[in-house]
Every structure is written in C-alpha cells, then in structure tokens.
Amino acid sequence: MLQVNNEMLYLGGHKMAHLHPAKQMVEIGRRLYVVRFDPPPSDPERNRNIVGYDGAGNILWRIAECPHGGNRPKPYMHVKIDRNIRVIASNWIGADYFVDLTTGAVTAVDFDR
C-alpha cells in the first residue's frame, strides 16, 4: 500500500525514491494510486506532475500536459475522485480534466475562466 507522509512517498512503510515532494494522493481500490508531486519551475515535467502507480509501486503512467492555456506553465494543483470513481485533475487556469486511468490522457470536464 502506498502512502504520502510529510511530502514523502512510502510503500509498505518503506520510503520510495522520487525527485519531488509528494503533495497529494488518491487511492482507487488498493490497485491504483494517483500521486500529485510539486516539481520546481525549472523541471521540464512540471506540467505533468501527477503519476499513476500500481500497488507494487510501479509507475503506470504520467498525466498528459494540460491542452489549454498556451505555452505558459500550468501544473496540476489538485487531484480528486468524483462520485463515479473518476479521477479529476485541476490546475490554476481554472480547468478540470478527467484522467484516463490506463494512459494518463486527459479530457476536459469544464473550464471556469
């Protein structure tokens, strides 16, 4: 089982190696863990800061970059599960996206700005 504690990611009580602080995690049936990291602005993967892991801690996918908002930085700021057990990722430009749990691809839910 994966856990986030003090910005560190743990699997079965053992700290996992990762490059950036783990900020948030949602669990889907102990088979999929979706973790939001907080990479620095200089990181080229900053806009793909949500990662899907299986129960053994293997990376399954990295979220697709937000397709809206031009070329400016737009990392995801929040991840949640809706009542239909779909993962939704949100970013600071006001966009929410459904996340494909097999590929990390995103589909717009709504756009608030």
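To keep things clear, this report deals only with the structure shown in the data block. (Residues numbered from 1 in each chain as written. Predicted model: local features only at pLDDT ≥ 70, side-chain atom pairs only at ≥ 80, totals over all residues. Heavy atoms only, no water.)

**Quick notes on the overall build of the chain**
Part 1 of the reasoning: In terms of helices and strands, the chain carries zero helices and eleven strands.
Part 2 of the reasoning: Beginning at the N terminus, the succession of helices and strands in the chain can be written as β-β-β-β-β-β-β-β-β-β-β.
Part 3 of the reasoning: Taken over C-alpha atoms, the radius of gyration comes to 13 Å for the chain, in line with the 13 Å a tight globule of 113 residues would show.
Part 4 of the reasoning: Taking the principal axes of its C-alpha atoms as reference, the chain extends roughly 40 × 35 × 20 Å.
Part 5 of the reasoning: For the chain, the proportion of its 113 residues judged to be buried stands at 41%.
Part 6 of the reasoning: Put simply, 32% of the contacts in the chain that link residues at least 6 apart link residues at least 24 apart.
Part 7 of the reasoning: Each charge class in the chain was averaged separately, 14 positive and 12 negative side chains, and the resulting centres sit 2 Å apart. (Helix = DSSP H or I, 4+ residues; strand = E, 2+ residues; numbered from the N terminus. Rg over C-alpha atoms; globule rule 2.2 N^0.38 Å. Buried < 20%, exposed > 50% of the residue type's maximum accessible area, 1.4 Å probe, protein only. Contact = heavy atoms within 4.5 Å. Lys, Arg positive; Asp, Glu negative; His and termini not counted. Charge placed at Lys NZ, Arg CZ, Asp CG, Glu CD.)

**Description of the environment of glycine 104**
Part 1 of the reasoning: Summarising the element assignment, glycine 104 is placed in the loop between β10 (95-99) and β11 (106-111).
Part 2 of the reasoning: Residue glycine 104 is classed as buried on the basis of its relative accessible area, which comes to 1%.
Part 3 of the reasoning: Residues glycine 104 and aspartate 82, spaced 22 residues apart in sequence, show a C-alpha to C-alpha distance of 17 Å.
Part 4 of the reasoning: The residues contacting glycine 104, other than those within four sequence positions of it, are Trp61, Arg62, Ile63, Ala64 and Val99.

**Structural notes on the nonpolar core**
Part 1 of the reasoning: One finds Val34, Ile50, Trp61, Ile63, Tyr76 and Val99 to be the most contacted residues of the largest nonpolar core, which totals 17 residues.
Part 2 of the reasoning: Sorting the residues of this core by element identifies β4 (22-28), β5 (32-37), β8 (76-81), β9 (87-91) and β10 as the ones contributing at least two each.
Part 3 of the reasoning: Per element, the largest residue contribution to this core is three residues, and it comes from β10.
Part 4 of the reasoning: Counting nine residues, the second largest nonpolar core, distinct from the first, contains Leu9, Met16, Phe37 and Val51. (Core = buried A, V, L, I, M, F, W, Y, C linked by side-chain atoms within 4.5 Å.)

**Some thoughts on the sheet that holds strand β6 (residues 50-54)**
Adjacent strands of a sheet pair through backbone hydrogen bonds, lying either parallel or antiparallel.
Part 1 of the reasoning: Reading across the sheet, the four strands line up as β4-β5-β6-β7 and stay open at both edges, with antiparallel pairing between neighbours. Bordering the open sheet on either side are β4 and β7 (59-62), each of which pairs with just one other strand. Strand-to-strand, the axes of this sheet are offset by a mean angle of 20 degrees, without reference to chain direction. (Pairing = 2+ DSSP bridges. Axes fitted to C-alpha atoms, helices over the stretch in contact; angles between N-to-C directions.)

**What about the pairing of β10?**
Looking down a regular strand, the side chains alternate between one sheet face and the other.
Part 1 of the reasoning: The element β10 is largely enclosed, with a buried count of four among its five residues.
Part 2 of the reasoning: With four bridges joining them, β9 and β10 adopt antiparallel strand pairing. Across the sheet, the residue bridging to alanine 89 is tyrosine 97, located in β10.
Part 3 of the reasoning: Counting the residues that bridge the hairpin from β9 to β10 gives three residues, and of these glycine 94 lies at a positive phi of roughly 95 degrees.

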